[in-house]
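Notes for the structure review
Given next are the chains, with one letter for each unit.
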Amino acid sequence: DLSRVAASAADPLAGVVRLGVIPTIAPFLLPGILPALRKAHPKLQFALREDLTANLLNRLQQGQLDFALIALPYDTGKLLVRELFNEELWLVAPPGEKTPRRLRVAHIDAERLLLLEEGHCLRGHTLEGCGLAPKQGQGMEATSLFTLVQMIEEGMGLGLLPEMTLRAGLLKNSRLIAQPFAAPAPQRGIALVARQSTARRQAFDVLGDSIVAEHRAAHAAKLGARKRGVKS
């Protein structure tokens, strides 16, 4: 970190930032963030690594990454944590699935709930949000959200997807139905983490501000669509 402070002293918003991102965030959030960042700060480059939360935090603590974009709740120890926003998890089901208009977690058949495999934090967020005990090796588990969607399309069960994945078009060209829960809905938090001693604090703040601004813009657009009577 000391050597990186010296290297970035002339221009703290220049050079390469090594950013780790979990798979349930990277392809859905970054495409809306990075182009604007590149335009605003052309000397700042992001080297991306997509991996599971535990692996990213281990690399962060070892100095192999500058920042990590993860989902909460998760034990981050003594790392610097900036909580950016919360997002709801939506129920995704095959067409024809009968659900109440005011959907609640209690309406979900736990035996039909499909999960990501061990290591993905969304697995724990789904179980916690539904008030379910941890499941061990239930046989049918998805390696990614894309696989999870395919499993739901095959009629294997139901799933919970983060709202950002729906906005990014994960269900595009599919016949699956996505439905929000009535309050209190299951959700997860999105956070940017770094070492307390990070030499790239200004870049950390710029990245965090950009993500928050994009989320607010997306939320405002969603509210505007609702007011116009457009289905989300």
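Attention here is on the structure that accompanies the text. This structure is a prediction, so every number in the text was calculated from the model and none was measured. (Residues numbered from 1 in each chain as written. Predicted model: local features only at pLDDT ≥ 70, side-chain atom pairs only at ≥ 80, totals over all residues. Heavy atoms only, no water.)

With that settled, the discussion passes to unusual backbone geometry. Between leucine 72 and the following residue, proline 73, the backbone shows a cis peptide bond with an omega angle of 5°. Topologically, proline 73 is positioned in the loop between strand E3 (67-72) and strand E4 (80-93). With an omega of 0°, the peptide bond between alanine 183 and proline 184 qualifies as cis. Mapped onto the elements of the fold, proline 184 is located in the loop between strand E8 (177-179) and strand E9 (187-194). At asparagine 173, a residue that is not glycine, the phi angle is positive and equals roughly 70°. For asparagine 173, the position within the fold is in the loop between helix H7 (163-167) and E8. Take asparagine 173: its relative accessible area is 78%, and that puts it in the exposed class. (Helix = DSSP H or I, 4+ residues; strand = E, 2+ residues; numbered from the N terminus. Buried < 20%, exposed > 50% of the residue type's maximum accessible area, 1.4 Å probe, protein only.)

Strand residues, when the strand is regular, have side chains that alternate between the two faces of the sheet. In strand E7 (residues 159-162), alternate side chains face the same way, and those of Gly159 and Leu161 on one face and Leu160 and Pro162 on the other are all buried. Note that E4 and E7 share four bridges and pair antiparallel. Bridge assignment links leucine 91 to a residue of E7, and that residue is leucine 160. (Pairing = 2+ DSSP bridges.)

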